[in-house]
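Single-letter residue listing:
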Amino acid sequence: MKHNSNKSILSVLVFIAMTFSAAGQRYYKPHFAIGGKAGMTMSEMSFTPGVEQSMISGLTMGVTARYTEEKFFGLIAELNIEQRGWKETFEGTQLNYERQLTYVQLPLLTHIYFGSDKFKGFVNLGPAVSLLIGDNISSNFDYRNPSEVEGFPEENRHVNQMSMDIKNKFDYGILGGAGVELTIKKKHSIMLEARYYFGLGNVFPSAKKDEFSASRGTSIQVTLGYMFHIK
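How each quantity is defined
- Residues numbered from 1 in each chain as written.
- Predicted model: local features only at pLDDT ≥ 70, side-chain atom pairs only at ≥ 80, totals over all residues.
- Heavy atoms only, no water.
- Helix = DSSP H or I, 4+ residues; strand = E, 2+ residues; numbered from the N terminus.
- Buried < 20%, exposed > 50% of the residue type's maximum accessible area, 1.4 Å probe, protein only.
- Contact = heavy atoms within 4.5 Å.
- Salt bridge = Lys/Arg side-chain N within 4 Å of Asp/Glu carboxyl O.
- Patch = residues over 30% accessible without salt bridge, like charges linked within 9 Å, V, L, I, M, F, W, Y side chains within 5 Å.
- Areas by Shrake-Rupley, 256 points an atom, 1.4 Å probe, with all protein chains shown as cover.
- Lys, Arg positive; Asp, Glu negative; His and termini not counted.
- Charge placed at Lys NZ, Arg CZ, Asp CG, Glu CD.
- Pairing = 2+ DSSP bridges.
- Core = buried A, V, L, I, M, F, W, Y, C linked by side-chain atoms within 4.5 Å.

### Quick look at the overall build of the chain
Each helix and strand counted, the chain has 1 helix and 9 strands in total. Beginning at the N terminus, the succession of helices and strands in the chain can be written as α-β-β-β-β-β-β-β-β-β. The burial tally for the chain puts 37% of its 231 residues in the buried class. For the chain, contacts bridging at least 24 residues in sequence account for 69% of all contacts bridging at least 6.

### With respect to the pattern of salt bridges
Taken as a whole, this structure holds 11 salt bridges when the rule is applied. For Arg84, the salt bridge is made with Asp171, and the minimal N-O distance between the two is 2.6 Å. Taken together, the residues Arg84 in strand 4 (residues 73-88) and Asp171 in strand 7 (residues 170-185) connect sequence positions 87 residues apart. Each member of the pair, Arg84 together with Asp171, is buried. Shared partners join several salt bridges into a network, and the residues in it are Lys37, Glu78, Glu193 and Arg195.

### What to know about the environment of Val63
With respect to the helices and strands, Val63 occurs in strand 3 (residues 56-68). With a relative accessible area of 49%, Val63 lands in the partly exposed category. For Val63 and Met227, which are 164 residues apart along the polypeptide, the C-alpha to C-alpha distance reads 9.6 Å. What Val63 contacts, discounting residues up to four positions off in sequence, is Gly35, Gly36, Ala77, Glu78, Leu79 and Asn80.

### Here we look at the environment of Val149
Here Val149 shows up in the loop between strand 6 (119-139) and strand 7. Look at Val149 and you get buried, because its relative accessible area is 17%. For Val149 and Leu95, which are 54 residues apart along the polypeptide, the C-alpha to C-alpha distance reads 9.7 Å. With residues near it in sequence (within four places) discarded, Val149 still touches Leu95, Phe141 and Asp142.

### Topic: a positive patch on the surface
Where like charges cluster on the molecular surface, the positive patch consists of Lys29, Lys186, Lys187 and Lys231. Looking at the element boundaries, Lys231 is found in the segment after strand 9 (214-229). Under the relative-accessibility criterion, Lys231 is labelled exposed at 52%.

### Regarding the pairing of strand 6
Strand direction decides the pairing type here: strand 5 (residues 97-115) and strand 6, joined by 17 bridges, are antiparallel. Bridging from a neighbouring strand, Pro107 pairs with Ala128 of strand 6. With antiparallel pairing between neighbouring strands as the criterion, strand 5 and strand 6 make up a hairpin whose turn holds 3 residues. In the sheet, strand 6 pairs with strand 7 via 13 bridges, with the strands oriented antiparallel. Note on strand 7: the bridge partner recorded for Asn124 is Gly177.

### Notes on the nonpolar core
The biggest cluster of nonpolar side chains holds 19 residues, and the ones touching the most others in it are Phe47, Phe90, Tyr97, Phe141, Phe152, Met162 and Phe204. Those elements giving two or more residues to this core turn out to be strand 1 (31-48) and strand 5. Among the elements that line this core, the one with the most residues is strand 5, at 3 residues. Residues in contact with Met162, not counting those within four places in the same chain, are Glu88, Phe90, Tyr97, Arg99, Ile137, Phe141, Tyr143, Pro146 and Phe152.

### Side note on the pairing of strand 8 (residues 188-199)
Side chains Ser189, Met191, Glu193, Arg195, Tyr197 and Gly199 project from strand 8 onto a buried face, and the interleaved His188, Ile190, Leu192, Ala194, Tyr196 and Phe198 project onto a face without burial. Looking at chain direction, strand 7 and strand 8 are connected through 12 bridges and run antiparallel. Among the inter-strand pairings, Ile174 is bridged to a residue of strand 8, identified as Phe198. Where strand 7 hands over to strand 8, the hairpin turn is made up of 2 residues, counted between the paired strands. Sheet topology places strand 8 next to strand 9; 11 bridges connect them, and they run antiparallel. Counted as the bridge partner of Leu192 is Leu224 from strand 9.

Geometry only, nothing functional implied.
Now the structure itself:
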């Protein structure tokens, strides 16, 4: 009787060990990587009421930390410098106005990847917060007094945004992107990524009495990055 009891206990212990072993095989070794990236942006503002504008080019660069644990899933935290803004259009004239806004940006992104150890595709998605650190205006006319500028197309045109101070230096929005990663050595890889940023915060006052009910930034980013795989 005792022999049968010991045998049953041993069988249970073996079963538990096998269960934990099988469960352990469903988990993947965690990986941690750090790196940097740089590239260009194309951006504009979403104004309501609308403003005649086109996209303005800028620069972006930053550092990246990435943690992956599951086979196809991870998290990314970044600290970036990004330029975005807008360029006003004046058809039939030589007038030029550009406003470049420089932000420190902190994204926290979900990282979904697929492919082989050598070559992967990935999708990144998540929120980003930004703080304005620079506001640069470039113009070939007196944008503070456009009515005194010869040939300025004033009719049915908003002009106050050209000289208004940025009220909200804190910005927030959603980032989404896709790209590819190529492993060039065991611990080294390069990435090419395209992203779209949709701002949710208004840079100008947006109360009913104010001129704009919406003044949100949007941008397209294309970057080339390098990652060093620590673990």
